[in-house]
Amino acid sequence: MTTFWQVGSMVASAFLIIIADSLIKKVSTSGAGNVYLHPLMLLSYFLYFIQIVIAFYVFKYGGGLAVYTNLFIVFYSIFGVLMGVFVFSESLSLIQGIGIVLAMTGAVLLNIR
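Attention here is on the structure that accompanies the text. Since we're looking at a predicted model, the values are computed, not measured.

### Examining the nonpolar core
No. 1: Within the largest apolar cluster, 23 residues are counted, with the highest numbers of intra-cluster contacts made by Met10, Tyr68, Leu71 and Phe75.
No. 2: At nine residues, the largest contribution of residues to this core is made by helix H3 (residues 65-86).
No. 3: With sequence-adjacent residues up to four places away left out, Phe75 is seen in contact with Val11, Ala14, Met104 and Ala107.

So, in structure tokens, the structure goes:
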């Protein structure tokens, strides 16, 4: 059974990865020279490492791979759309908004026994 802490960890994991991916987008569009050693890239590497530690925690304490990956993808998508809209000034269509609602509904359904 997936616990509250495991679900919270899965949400945090998705949040860390979308932050890391956003940092990669910022560095890649900044025109920086050696992007692999750029300070924001180093932070991105660290966030990826923390996500691995979180995944280890979830699996060590009985979290299922099927639930973890589904929740991760749902929250990663939601955070990605929100990050694109609020940080990178991308637009959000009505269909994407409906998709967010459906994704949240699916996340809730995944955790009902």
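There's more to say after this.
### Topic: the packing of helix H2 (residues 39-60) against H3
No. 1: Put simply, H2 and H3 touch, their axes get as near as 10 Å, and they point 140 degrees apart. Crossing of H2 against H3: the hand is right-handed. Contacts from Gln51, Ala55, Val58 and Phe59 of H2 reach H3 at Leu65, Tyr68 and Phe72.
No. 2: Of the residues contributing to the contact of H2 with H3, the split by class is six nonpolar, one polar and no charged.

### Regarding the environment of Leu65
No. 1: By the secondary structure assignment, Leu65 is in helix H3.
No. 2: Between the C-alpha atoms of Leu65 and His38, which are 27 residues apart in sequence, the distance is 33 Å.

Thresholds, definitions, all that
Residues numbered from 1 in each chain as written. Predicted model: local features only at pLDDT ≥ 70, side-chain atom pairs only at ≥ 80, totals over all residues. Heavy atoms only, no water. Core = buried A, V, L, I, M, F, W, Y, C linked by side-chain atoms within 4.5 Å. Buried < 20%, exposed > 50% of the residue type's maximum accessible area, 1.4 Å probe, protein only. Helix = DSSP H or I, 4+ residues; strand = E, 2+ residues; numbered from the N terminus. Contact = heavy atoms within 4.5 Å. Axes fitted to C-alpha atoms, helices over the stretch in contact; angles between N-to-C directions. Left-handed = near helix turned anticlockwise from the far one by under 90°. Nonpolar A, V, L, I, M, F, W, Y, C, P; charged D, E, K, R; others polar.

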